[in-house]
Amino acid sequence: MPVAGQVVQPGSWAPAEVGRIQLRGVAQVALSASPWTGLLFTIALFAGSWQIGVYGLLGAAASTAAAAVLGADRDGLTKGLEGYCGCLTGIAIVVRLDASWRTAVLAVIAGAVCSVLSAAAGRLLGRLGLPALTAPFCLVAGALASALPTSPAATAPPIPTVGFTALSAAELGRAFCNDIGQVFFLDTWYAGLLLLVGLLVASRTAALAAACGSVVAILTACAMGLPADRIAEGLYGYNAVLVAIALAATFLTLTPWTAGYATLAAVASVPFTAAWQAFAQPSGGSPFTWPFVVTTWLFLAAAPALERPGISFEKAK
Amino acid sequence: MPVAGQVVQPGSWAPAEVGRIQLRGVAQVALSASPWTGLLFTIALFAGSWQIGVYGLLGAAASTAAAAVLGADRDGLTKGLEGYCGCLTGIAIVVRLDASWRTAVLAVIAGAVCSVLSAAAGRLLGRLGLPALTAPFCLVAGALASALPTSPAATAPPIPTVGFTALSAAELGRAFCNDIGQVFFLDTWYAGLLLLVGLLVASRTAALAAACGSVVAILTACAMGLPADRIAEGLYGYNAVLVAIALAATFLTLTPWTAGYATLAAVASVPFTAAWQAFAQPSGGSPFTWPFVVTTWLFLAAAPALERPGISFEKAK
Amino acid sequence: MPVAGQVVQPGSWAPAEVGRIQLRGVAQVALSASPWTGLLFTIALFAGSWQIGVYGLLGAAASTAAAAVLGADRDGLTKGLEGYCGCLTGIAIVVRLDASWRTAVLAVIAGAVCSVLSAAAGRLLGRLGLPALTAPFCLVAGALASALPTSPAATAPPIPTVGFTALSAAELGRAFCNDIGQVFFLDTWYAGLLLLVGLLVASRTAALAAACGSVVAILTACAMGLPADRIAEGLYGYNAVLVAIALAATFLTLTPWTAGYATLAAVASVPFTAAWQAFAQPSGGSPFTWPFVVTTWLFLAAAPALERPGISFEKAK
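Residues numbered from 1 in each chain as written. Chains lettered and ligands numbered in written order. Predicted model: local features only at pLDDT ≥ 70, side-chain atom pairs only at ≥ 80, totals over all residues. Heavy atoms only, no water.

The name given to chain A in an unreviewed UniProt entry is Urea transporter, with the source organism recorded as Streptomyces nodosus. Per UniProt, chain A has the following entry under Subcellular location (unreviewed entry): "Cell membrane". Taken directly from UniProt, the Sequence similarities (unreviewed entry) text for chain A runs: "Belongs to the urea transporter family." (UniProt positions renumbered as here; feature names shortened; annotations may be inferred.)

Asks: Explain the pattern of salt bridges residue by residue, including any values.
Replies: Overall, the coordinates contain six salt bridges over all chains when judged by the stated rule. For the salt bridge of A:K79 with A:D75, the shortest nitrogen-to-oxygen distance reads 3.7 Å. For A:K79, a relative accessible area of 40% gives the class partly exposed. Here A:D75 falls in the partly exposed class, since its relative accessible area comes to 46%. Its salt-bridge partner being B:R20, residue B:E17 comes within 3.1 Å of it at the nearest N-O pair. Of this pair, B:E17 and B:R20 both sit in helix α1 (residues 15-27), separated by three residues, roughly a single helical turn. The exposure class of B:R20 is partly exposed, given its relative accessible area of 36%. (Salt bridge = Lys/Arg side-chain N within 4 Å of Asp/Glu carboxyl O. Buried < 20%, exposed > 50% of the residue type's maximum accessible area, 1.4 Å probe, protein only. Helix = DSSP H or I, 4+ residues; strand = E, 2+ residues; numbered from the N terminus.)

Asks: Talk me through the interface of chain A and chain C; I want residue IDs and the actual numbers.
Replies: Taken together, the contact pairs 27 residues of chain A with 32 residues of chain C. Here chain A meets chain C over a buried area of about 2400 Å², counting both sides, of which 73% is carbon and sulfur. By the criterion of area lost to chain C, the three top residues of chain A are A:L70, A:R102 and A:R123, representing 22% of everything that side buries. Summed over the shared surface of chain A and chain C, the number is zero salt bridges. Viewed at the interface, chain C and chain A are joined by three residue pairs in polar contact (both at pLDDT 80 or more). When contributions to the side of chain A that touches chain C are tallied by element, the ones reaching two or more residues are α3 (50-69), α6 (101-126) and α7 (135-147) of chain A. Per-element accounting of the side of chain A that touches chain C gives the leading share, 10 residues, to α6(A). (Contact = heavy atoms within 4.5 Å. Buried area = accessible area lost by both parts, 1.4 Å probe. Polar contact = N/O pair within 3.5 Å; in protein donor to acceptor, adjacent residues only side chain to side chain.)

Asks: I'd love a proper account of the packing of helix α1 (residues 15-27) of chain A against α3(A), names of residues and values included.
Replies: Residues and elements named next belong to chain A. Packing of α1 against α3 leaves a shortest axis separation of 10 Å and a crossing angle of 110°. Our classification of the angle between α1 and α3 gives roughly perpendicular. Like other packed secondary-structure pairs, α1 and α3 cross with a definite hand, here right-handed. Contacts between α1 and α3 involve I21, Q22 and V26 on the former and, on the latter, L57, A60, A61 and T64. Looking at the contact of α1 with α3 residue by residue, the class counts come to five nonpolar, two polar and no charged. (Axes fitted to C-alpha atoms, helices over the stretch in contact; angles between N-to-C directions. Parallel < 35°, antiparallel > 145°, perpendicular 65-115°, else oblique. Left-handed = near helix turned anticlockwise from the far one by under 90°. Nonpolar A, V, L, I, M, F, W, Y, C, P; charged D, E, K, R; others polar.)

Asks: Explain the UniProt feature "site: Important for channel permeability" (unreviewed entry) in chain A to me, and be specific about the residues and the numbers.
Replies: In the numbering used here, UniProt assigns the "site: Important for channel permeability" (unreviewed entry) feature to A:T289. For A:T289, the location among the structural elements is in the loop between α13 (256-280) and α14 (290-305).

Asks: Provide a residue-level description of the relation of the copies chain A and chain C, including the pertinent values.
Replies: Overlaying chain A on chain C yields an RMSD of 0.0 Å, the required transformation being a rotation through 120° with an accompanying axial translation of 0.0 Å. Such a combination of turn and shift is consistent with a three-fold rotation axis. (Least-squares fit on C-alpha atoms with pLDDT ≥ 70 in both.)

Asks: Summarise the UniProt feature "transmembrane region" (unreviewed entry) in chain A; cite the residues concerned and give the values.
Replies: Residues and elements named next belong to chain A. In this numbering, the UniProt entry assigns the feature "transmembrane region" (unreviewed entry) to residues 26-46, 52-72, 103-121, 128-148, 180-201, 208-228, 234-252 and 288-306. In residues 26-46, helix accounts for 67% and strand for 0%; the two terminal C-alpha atoms are 13 Å from one another. A distance of 34 Å separates the end C-alpha atoms of residues 128-148, which is 62% helix and 0% strand.

Asks: I'd like a rundown of α1(A), residues and numbers included.
Replies: Since the α-helix packs 3.6 residues into each turn, any two residues three or four apart lie on the same face. Residues and elements named next belong to chain A. Its 13 residues place the ends of α1 18 Å apart at the C-alpha level, agreeing with the 18 Å of an ideal helix rising 1.5 Å per residue. Among all positions of α1, only E17, I21, Q22, L23, R24, G25, V26 and A27 are buried. Turning to α1, the residues buried within the fold contact α2 (35-48), α3, α4 (74-78) and α5 (84-96). (Expected span 1.5 Å × (residues − 1).)

Asks: Talk me through unusual backbone geometry; I want residue IDs and the actual numbers.
Replies: Even without being a glycine, C:L133 presents a positive backbone phi close to 50°. Judged by its relative accessible area of 4%, C:L133 falls in the buried class.

Asks: Run through the interface of chain B and chain C, naming residues and quoting values.
Replies: Taken together, the contact pairs 31 residues of chain B with 27 residues of chain C. Between chain B and chain C, a total of about 2500 Å² is buried, with carbon and sulfur atoms accounting for 73% of that surface. Taken together, the connections running from chain B to chain C amount to zero salt bridges. Put simply, chain B and chain C have three residue pairs in polar contact (both at pLDDT 80 or more) between them. Secondary structure elements with two or more residues in the side of chain B that touches chain C: α13 (256-280) and α14 (290-305) of chain B. Looking at which element gives the most residues to the side of chain B that touches chain C, the answer is α13(B), with 11 residues.

Asks: So what's going on with the relation of the copies chain B and chain C? Which residues, and what values?
Replies: After a rotation of 120° and a shift along the axis of 0.0 Å, chain B superposes on chain C with an RMSD of 0.0 Å. Of the residues that chain B buries at the interface, just 6% are likewise interface residues in chain C, meaning the two copies contact each other through different surfaces.

Asks: Give a detailed account of the domain arrangement of chain A, specifying residues and quantitative values.
Replies: All names here are of chain A. Domains assigned within chain A are domain 1 (10-147) and domain 2 (169-316). Taken over C-alpha atoms, the centre of domain 1 sits 21 Å from the centre of domain 2. Contact with domain 1, which involves 36 residues of that partner, is made by 29 residues of domain 2. For the pair domain 1 and domain 2, the summed buried area comes to about 2700 Å², and 80% of that belongs to carbon and sulfur atoms. The interface formed by domain 1 and domain 2 holds three residue pairs in polar contact (both at pLDDT 80 or more) in total. Of all the secondary structure elements, the ones that give two or more residues to the side of domain 1 that touches domain 2 are α2, α5 and α7. Residue contributions to the side of domain 1 that touches domain 2 peak at nine residues, all from α2. (Domains from an automatic or database assignment.)

Asks: Pulling in residues and values, what's your account of a nonpolar patch on the surface?
Replies: All names here are of chain A. The grouping of W36, L39, I43, V197 and V201 at the surface amounts to a nonpolar patch, some 470 Å² of accessible area in total. Looking at the nonpolar patch, the elements that each hand over two or more residues are α2 and α9 (189-202). When residues in the nonpolar patch are grouped by element, the largest group, three residues, is from α2. Examined against the element boundaries, I43 turns out to sit in helix α2. With relative accessibility at 43%, the residue I43 sits in the partly exposed group. (Patch = residues over 30% accessible without salt bridge, like charges linked within 9 Å, V, L, I, M, F, W, Y side chains within 5 Å. Areas by Shrake-Rupley, 256 points an atom, 1.4 Å probe, with all protein chains shown as cover.)

Asks: Break down the side chain of B:R96 for me, with residues and values.
Replies: All names here are of chain B. Mapped onto the fold, R96 is located in helix α5 (residues 84-96). Here R96 is buried and forms no salt bridge, its nearest opposite-charge partner D98 lying at an N-O distance of 11 Å. A distance of 3.1 Å separates the side chain of R96 from the backbone oxygen of A145, its partner in a polar contact. (Lys, Arg positive; Asp, Glu negative; His and termini not counted.)

Asks: So what about the side chain of B:T273? Which residues, and what values?
Replies: Residue placement: B:T273 occurs in helix α13. Residue classification places B:T273 among the buried residues on the basis of a relative accessible area of 0%.

Asks: Describe the packing of helix α10 (residues 204-223) of chain A against α13(A), with residues and values.
Replies: Residue and element names in this part refer to chain A. At a minimum axis distance of 9 Å, the contact between α10 and α13 shows a crossing angle of 45°. Compared by their axis directions, α10 and α13 come out oblique. Crossing hand, α10 versus α13: right-handed. Mapping the contact onto sequence places V216, A217, T220 and A221 in α10 and T263, A266, V267, V270 and P271 in α13. Its residues assigned to classes, the contact of α10 with α13 comprises seven nonpolar, two polar and no charged.

Laid out in structure tokens, this is it:
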């Protein structure tokens, strides 16, 4: 067993520990460190398709291994903090290109770059007291999305209509589940529900925050008159789900005040997501989770300045 | 009356004080804290159209109220520093969409988001010794501009011609006034003049800086060969006006050196504005006052490093 | 002779010293402070065309003179650190527009703005322990590229094909030289070789890093299936060359580990460059050396966090 203070090589880790770190890496996409959550998330990925599952695990492993080789902080490593960006990057690559040896090599290199960017983001943002969130993934995936051949034709961004969007019950249900599923690029209702159950295993607060974030996002998107089919695909809500988990269940202590604050942030993330899509689509890009990252940074940075007497905004993590 | 150190609820303020804060919020768009300036600015807004006036006041009120509820710094609040971004956001919304209950609700929510972003900007930029300026407004208005339906068709950016642009005397007069008016999205000569008088009430230096900034911008735009009709609309000069007020009359002590430095900044803001318009227009966007914000940040950040012996660059505010 | 501590006016410098600073300004484009390197670089510029040579020297002189007038740090000034951004800006202007009195005035003003931005970047980035690199040039050139009339028609970005790109021996040779030449917007093989010899004069490590960076970039671009003619023009590799010089020969101590780290950075810069081109081209823009700047910042910021026991990441400069 490793002695504290000693330099530990990845090879000295027990297989069970490696598996747990791997699952935690998947769970950290939704800011959870529970391996059980990671296990349910992994099942949800394979429920999407075996390619998504395999590339998600491959990306997480590549990024974690690169971080270990480059000598990253061991504590963050065992919590899975070096895996989630690689996991999302691997999925983003296989969704866009198809599974092949060539894309597998790309996923491994991209995962390694993620671990360098995570270290950079940790240093640069640490001074501001902000977490890196999924920014390394967004940078790598954004660069690849613009540089690589696009499989689908880049479509024109939808023009929202003036007036409230009405959703059928089926669309509403799909939107609720897909808002959660799209965090992992998944668009089937059962994958979204599996992810929600995975969150519930780790923390009831996180699951409740995700569900509320999804509802808030649907209401906001409907009020903005955004197209019903895209709302049902979950394209406007996955950032709100992550914002809600981050602000209400992870970085701030949950009180009625912070719940209202997180709701405002989730509302704000929806036009931000729509704007980023309109901006990125002409060049075949995607906002990925940038709207989540930027909204959370801004609302976290504002939190101490807006502190109320008797209510403390504290970072739970 | 509130005792120092006690927590003050917005409800405990006298109506006269609330009105003064409201007017200061409008005045702070041009970096002034005088309620008389705010009164003249408000008249100029109503001279543009009653909708612009109402939404400007509504946005300023929403943003100030949200900041008060969220517990923002009372000193900045009474100076109107929580109002100006909401004021501009309200105007940007009513200019793009039309006045209705729905856009009024949007203006109130957007104003509230502005106050959160102002707090975040204050904290993040405060470490660098830089003011937030209108960055929160630019972020909110930029996101809404991309996300919301565009009323006018997005036009192609104009292609500048090689050669000096010649303006008629009428165009010159309109350009001079509109450079100031466009700070508030106004494009009538009398609105611009009213704003200039409003500045004069608070500070002769600020009014002179605004006038000089407008002249410098017109000369630069003509030298660049930009189209005459857009110069006359004030589309290239409103950032230069704000840059001149910020550098020559607000944040640096006015000397011949700083006047030259502010002139260079005002000149630089014109191609920057034209570039940002060319960049943002294909997706129906607008640079808003980003060129002013970024130019002022860079020239303020450079000021201490470029300090000359015997001449101090000091922040007047 | 100037006494230490005394304020020195540019006029008091000997012509030989002024010439040496001027050449160092050109050399600093490739992070070298040797006047001999600058001399060979200048010859390479004139080998490209006399306009490129004249505007490069004009821009470097304007930027250095403006920095001297504005009172910049004398130590950086004599090392040429105030000249390289102006040099690149002057070349960027004459490549896009043609040589005339009007563009010469533009190059002088743009060079002066560069010196202000360098001071700002030094202050803002200095707190993060990061160098300014060519960021001031990228900002000024990017603004001008969007604002000014485009001489060539903006072409659609190339769509990469899936599969390895095969290069002929001639294309390979051109790609190797142009990857170095394109740092200065040069696209003839002898100019690239002259630059390489210039680097060799100052430091064998830097020349080796540049050559390896070029090779790595060609391999990466071919593996990505990018079009052969653009690879041969050096459009994907000039950032990798600069990244390799910066990481392997300038800011980190060269060890097998840092060599691998620099290789990963050079690989990452190629899709980043392709992405930035795809993004900027619709509006007639260019990535300039932004991909070099951002990649180097991120990998430098990550370096201390990834420090291995027994291997120190130290800044050589």
